[in-house]
Amino acid sequence: MKDLKEKGVVKNDNSLTEKDRIVYLFFKVEKNNSGAEKIVLEDQKIMEGRLKSKPSFDINSAKTGDFIISLNDANGKEIVKQIVGDPLNPELERFGEEGLSRNKVSLQNAEFSVRYSHSEEIKVVRVEKVTTDGKQLLFTQKL
């Protein structure tokens, strides 16, 4: 009864508002003959919904080859940052006679995606690769 308004309409605080949207960015990465990666933003989709949890970012958990995705405002200020495991060298599980084993597979091209809560502030996406010498900028694009 406490959730009823004056006219008998149920108030639901868990309903989606206009701001509750999730943005999906779909990328393709290709390795050329010299070993350099080329990244293309293939698609962007906005769906109604709310992320259950915000992905945590810990630079210490990044391994060589992983990608760091930065979503920035127009002035370059970081709004969201995520780590994507190395899409060109995924680790696959295999079950055989000796049990479960993990093997790295080397690919020439792959696809990966990121998702985040929609924000009008986010205007630019950047993709950096973690290297033994630090980070290498691979891709920047306005959204």
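Structural data are supplied above this passage.
The paragraphs below set out a description of the structure included in this document. Since we're looking at a predicted model, the values are computed, not measured.

Definitions and limits used
Residues numbered from 1 in each chain as written. Predicted model: local features only at pLDDT ≥ 70, side-chain atom pairs only at ≥ 80, totals over all residues. Heavy atoms only, no water. Pairing = 2+ DSSP bridges. Helix = DSSP H or I, 4+ residues; strand = E, 2+ residues; numbered from the N terminus. Axes fitted to C-alpha atoms, helices over the stretch in contact; angles between N-to-C directions. Buried < 20%, exposed > 50% of the residue type's maximum accessible area, 1.4 Å probe, protein only. Polar contact = N/O pair within 3.5 Å; in protein donor to acceptor, adjacent residues only side chain to side chain. Contact = heavy atoms within 4.5 Å. Core = buried A, V, L, I, M, F, W, Y, C linked by side-chain atoms within 4.5 Å. Salt bridge = Lys/Arg side-chain N within 4 Å of Asp/Glu carboxyl O.

## Re the sheet that holds strand β1 (residues 21–31)
At step 1: With antiparallel pairing, 3 strands are arranged side by side in an open sheet as β2-β1-β7. This sheet does not close on itself; its edge strands, each paired only once, are β2 (37–48) and β7 (109–117). Averaged over all pairs of adjacent strands, the angle between strand axes in this sheet comes to 20°, irrespective of strand direction.
At step 2: As paired strands, β1 and β7 are joined by 9 bridges and run antiparallel to one another. Within β7, the position partnered with Ile22 by the bridge is Ser117.

## Notes on the sheet that holds strand β3 (residues 67–72)
At step 1: Strand order in the open sheet formed by 4 strands is β4-β3-β8-β9, and the pairing between neighbours is antiparallel. Two strands in the sheet have a free side with no partner beyond their single neighbour: β4 (78–84) and β9 (134–142). The sheet shows a mean angle of 20° between the axes of neighbouring strands, direction not considered.
At step 2: Alignment of β3 against strand β8 (residues 124–131), held across 6 bridges, turns out to be antiparallel. Each bridged residue has a counterpart across the sheet, and for Leu71 the counterpart in β8 is Val125.

## Here we look at the side chain of Gln82
At step 1: Inspection of the secondary structure puts Gln82 in strand β4.
At step 2: Overall, the relative accessible area of 10% leaves Gln82 in the buried class.
At step 3: From its side chain, Gln82 meets the backbone oxygen of Arg115 in a polar contact 2.8 Å long.
At step 4: With near-sequence residues (within four places) excluded, Gln82 lies in contact with Pro55, Phe57, Phe67, Ile68, Ile69, Val114, Arg115 and Tyr116.

## Overview of the nonpolar core
At step 1: Core analysis: the largest hydrophobic core is formed by 21 residues, its most contacted members being Leu25, Phe27, Ile39, Phe67, Ile69 and Phe139.
At step 2: Not counting the four nearest positions on each side in its chain, Leu25 is found in contact with Leu41, Asp43, Gln44, Leu71, Phe112, Ser113, Val114, Tyr116, Val125 and Leu143.

## Remarks on the pattern of salt bridges
At step 1: This structure, assessed with the given rule, holds 9 salt bridges.
At step 2: Of the charged contacts, one joins Arg21 and Glu120 as a salt bridge, the two residues approaching to 3.9 Å between their closest N and O atoms. Residue Arg21 is found in strand β1, and its partner Glu120 is found in the loop between β7 and β8; the two are separated by 99 residues along the sequence.
At step 3: Accessibility expressed as a relative area gives 57% for Glu120, which makes it exposed.
At step 4: Arg102 is paired through a salt bridge with Glu91; the nearest N and O atoms lie 3.7 Å apart. Of this pair, Arg102 sits in strand β6 (residues 99–104) while Glu91 sits in strand β5 (residues 91–96), and the two are 11 residues apart along the sequence.
At step 5: Residue Arg102 is classed as exposed on the basis of its relative accessible area of 52%.
At step 6: Residues participating in the shared-partner salt-bridge network are Glu91, Glu93 and Arg102.

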